[in-house]
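Coordinate analysis (summary)
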Amino acid sequence: MKHLILVKWKETVDDASQLKDEAEALFRETLAIPGIHGVKAIPGLKTAANRYDLMIAIDMDRDALPAYNESAAHKRWKAEYGERIEKKAIFDAE
């Protein structure tokens, strides 16, 4: 499945490009989890104020999701980056 995380940074974030690189490096750590096959961070174009800034795409087996949710990388993402996020959406698809 595809586990997609859409992120809109708070207006106070001025280093979105660096945060994209940091997020991708952080989520690459999840590749050690059996069933996680790929990670990619894709910056948004920001063609309008209501657009999201970043999409993190994780290719995983559906049964890898519980281990991913409990992973150190996922917990660090929430703890270290959560306060910089204005909005996020999680979307899982086949």
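**Focus on the nonpolar core**
- In terms of nonpolar packing, the biggest core is built from 24 residues, with Trp9, Phe27, Ile56, Ile58, Met60, Tyr68 and Trp77 touching the most fellow members.
- For this core, the secondary-structure elements that each account for two or more residues are strand 1 (2-9), helix 1 (16-28), strand 2 (36-43), strand 3 (54-60), helix 2 (65-69) and helix 3 (72-81).
- Trp9 has contacts with Ala16, Leu19, Asp53, Leu54, Trp77, Tyr81, Arg84, Ile85 and Glu86, leaving out every residue within four places of it along the chain.

**Brief notes about the pattern of salt bridges**
- Evaluated as defined, the whole model comprises 9 salt bridges.
- Note that Arg76 is salt-bridged to Glu29, the shortest N-O span being 2.7 Å. Highlighted residues: Arg76 in helix 3 and Glu29 in the loop between helix 1 and strand 2, separated in sequence by 47 residues.
- A relative accessible area of 27% means that Arg76 is categorised as partly exposed.
- In this structure, the salt-bridge partner of Lys75 is Glu70, at a minimum N-O distance of 3.4 Å.
- Because the salt bridges share partners, they merge into one network encompassing Lys20, Asp21, Glu24 and Arg28.

Calculation notes
By convention here, each chain's residues receive numbers from 1 onward along its written sequence. Only residues with pLDDT of 70 or above have their local features reported here, since the model is predicted, and side-chain atom pairs are shown and tallied only from 80 upward, although totals for entire chains, interfaces and linings are computed over all residues. Side-chain figures throughout are based on the complete set of non-hydrogen atoms in the structure, without hydrogens or water. Here, the term nonpolar core denotes a set of buried Ala, Val, Leu, Ile, Met, Phe, Trp, Tyr and Cys residues that are joined through side-chain atoms within 4.5 Å. For every residue, the accessible area (1.4 Å probe, protein chains only) is compared with the maximum for its type, and the residue is labelled buried under 20%, exposed over 50%, or partly exposed between those bounds. Note on conventions: DSSP H or I runs of at least 4 residues are helices, E runs of at least 2 residues are strands, and numbering of each starts at the N terminus. Any two residues having at least one pair of non-hydrogen atoms within 4.5 Å are treated as being in contact. Here, a salt bridge means any side-chain nitrogen of Lys or Arg that lies within 4 Å of a carboxyl oxygen of Asp or Glu.

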